[in-house]
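As a plain string of letters, each chain reads:
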Amino acid sequence: MLTEAQKQQYQRDGFIVIPGFKSPEEIAALRARAAQIVNDFDPSSQSGIFSTIEQEKTTDDYFLGSDNTVRCFFEEEAFGPDGQLKQAKELSINKIGHAMHDLDPAFRAFTADARLEQLAREIGLSDPKVWQSMYIFKQPGIGGEVRWHQDATYFDTDPVSVTTFWFALEDATLDNGCMWAEPGGHRGPMRERFLRNGDDVRMEKLSDMPWPDNSTAVPLECKAGSLVCFHGLLPHYSAPNRSPVSRHAYTLHVTDGATNYSPQNWIQRDDKLPARGFL
């Protein structure tokens, strides 16, 4: 899957961008299924708002209960002062999460890709296990900021192994809130750890090392169909989307089954729904 130069780049920078990994047909199928899920979603039954800015305050039962099912989450700015949506439902959803890769046939088909299994092994995952999937809309005008963070915060293993597979389903640009990352930042410490004990969650601070800024970070602009693969300790961020176009993406978080997965991670699995690989 990867050339020697690409492997060296991943080790050096903590990320790699592979253009044209998914076809327009595969993207269209996933987007159509996501649209159907949103269309079928009844916000009057139960719903939540997703935010990374104040994670502990916005984490509720609806969020915690999405660990092993499929749920929709609204953008923070989707609602007006009267508590009503300011625009159509389909333009108000922040994301769908977090187990579509196991529970939904269309998402499973997109995820069950032998090339991903091979890629995971080439970058060091001896036994890839997919724990989480997210369909991210980054809605036009109201797409929320995702603050600087490391994905290892939410998927702690010993040693650190979580790796993110991020698929651009639309062009990701500076205008519509593409990701930013700090090349080489994965060699730094884990700054925070998100801990869950039953229904209680808290963010544990592990390091005072400051987050990057635009002086050291680079934008990861890429075309639809691209795959961005990055290390779980890589600091990354995306700005709000104030443009008139969305920035759809699909993300998978994968650990190495040979490592010890923390029992305090927010997503746990049992024999009824075991974590499995790409195949």
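Residues numbered from 1 in each chain as written. Predicted model: local features only at pLDDT ≥ 70, side-chain atom pairs only at ≥ 80, totals over all residues. Heavy atoms only, no water.

What about the overall build of the chain?
Definition in use: Working definition: helices are DSSP H or I runs of at least four residues, strands are E runs of at least two. Numbering for both runs from the N terminus. Only protein chains enter the accessibility calculation, which uses a 1.4 Å probe. A residue is then buried if its area is under 20% of the maximum for its type, exposed if over 50%, and partly exposed in between. Contacts: residue pairs with any heavy atoms within 4.5 Å of one another. The method behind every accessible area is Shrake-Rupley, applied with a 1.4 Å probe, and residues are considered shielded solely by the protein chains displayed. In summary, the charge assignment counts Lys and Arg as positive and Asp and Glu as negative, without counting His or the chain termini. Lysine's charge is taken at NZ, arginine's at CZ, aspartate's at CG and glutamate's at CD.
In terms of helices and strands, the chain carries seven helices and 16 strands. For the chain, the residues scored as buried account for 54% of the 279 residues in total. In the chain, once contacts between residues fewer than 6 apart in sequence are set aside, the share between residues at least 24 apart is 84%. In the form shown here, the chain has an accessible surface area of approximately 12,000 Å², with 50% of it arising from carbon and sulfur atoms. Taking the 28 positively charged and 40 negatively charged side chains of the chain as two groups, their mean positions are separated by 2 Å.

Brief notes about the nonpolar core
A general tendency of soluble globular proteins is for nonpolar side chains to be buried together. Our working rule: For our purposes a nonpolar core is just a set of buried Ala, Val, Leu, Ile, Met, Phe, Trp, Tyr and Cys residues, chained together by side-chain atoms within 4.5 Å.
Counting 53 residues, the largest nonpolar core has Ile 96, Tyr 135, Phe 165, Phe 167 and Tyr 250 as its most contacted members. The leading source of residues in this core is helix α2 (residues 24–40), at five residues. Of all hydrophobic cores here, the second largest spans 17 residues; its members include Ala 168, Trp 180, Ala 217 and Leu 234.

Quick look at the packing of aromatic side chains
Where we set the bar: Between rings of Phe, Tyr and Trp, where Trp is taken as its six-membered ring, a pair exists when centres lie within 6.5 Å; planes separated by under 30 degrees are stacked, by over 60 edge-to-face, and by other angles tilted. Two conditions define a charge located above a ring, namely a distance within 6 Å from the ring centre to NZ of Lys or CZ of Arg, and an angle within 35 degrees of the ring normal.
By the definition in use, this model includes 16 aromatic pairs. In this structure an aromatic cluster arises from ring pairing among Phe 21, Phe 107, Phe 110, Tyr 135, Phe 137, Phe 167 and Tyr 250. Seen from the ring of Phe 21, Arg 115 lies directly overhead, with NZ or CZ sitting 4.0 Å from the centre.

Re the pattern of salt bridges
Definition in use: Each reported salt bridge corresponds to a side-chain nitrogen of Lys or Arg within 4 Å of a carboxyl oxygen of Asp or Glu.
What the rule picks out here adds up to 18 salt bridges. For Asp 102, the salt bridge is made with Arg 276, and the minimal N-O distance between the two is 2.7 Å. Of this pair, Asp 102 sits in helix α5 (residues 100–103) while Arg 276 sits in the segment after β16 (260–261); the two residues are 174 residues apart in sequence, bridging distant segments of the chain. A salt bridge links Lys 205 to Asp 208, with the shortest nitrogen-to-oxygen separation between them at 3.0 Å. Each member of the pair Lys 205 and Asp 208 is classed as exposed. Each of Lys 22, Glu 26, Asp 113 and Arg 115 takes part in a single network of salt bridges with overlapping partners.

Section: the sheet that holds strand β14 (residues 236–238)
Put simply, the test is: Should DSSP find at least two bridges between two strands, the strands are taken to pair.
Read across the open sheet, the four strands follow the order β6-β14-β9-β12; overall the sheet is antiparallel. Strands with a single pairing partner mark the edges of an open sheet, and in this sheet they are β6 (146–149) and β12 (218–219). Sheet analysis places β6 next to β14, joined by two bridges and oriented antiparallel. Looking at the pairing, His 149 lines up with His 236 of β14.

Concerning α2
Heads up, the rule is: An expected span of 1.5 Å times one less than the residue number is assigned to each helix. This arc corresponds to the set of directions leading from the helix axis out to the C-beta atoms.
Its 17 residues place the ends of α2 24 Å apart at the C-alpha level, agreeing with the 24 Å of an ideal helix rising 1.5 Å per residue. Residues of α2 that are buried include every one of Ile 27, Leu 30, Ala 34, Ile 37 and Val 38, and no others. Considered in projection along α2, the buried side chains sweep an arc of 95° and stay on one side of the axis. Among the exposed residues of α2, those pointing more than 90 degrees away from its buried face are Pro 24, Glu 25, Asn 39 and Asp 40. Elements that come into contact with the buried residues of α2 comprise β3 (70–74), β4 (93–98), α6 (105–111), β5 (128–136), β8 (163–168) and β15 (249–256).

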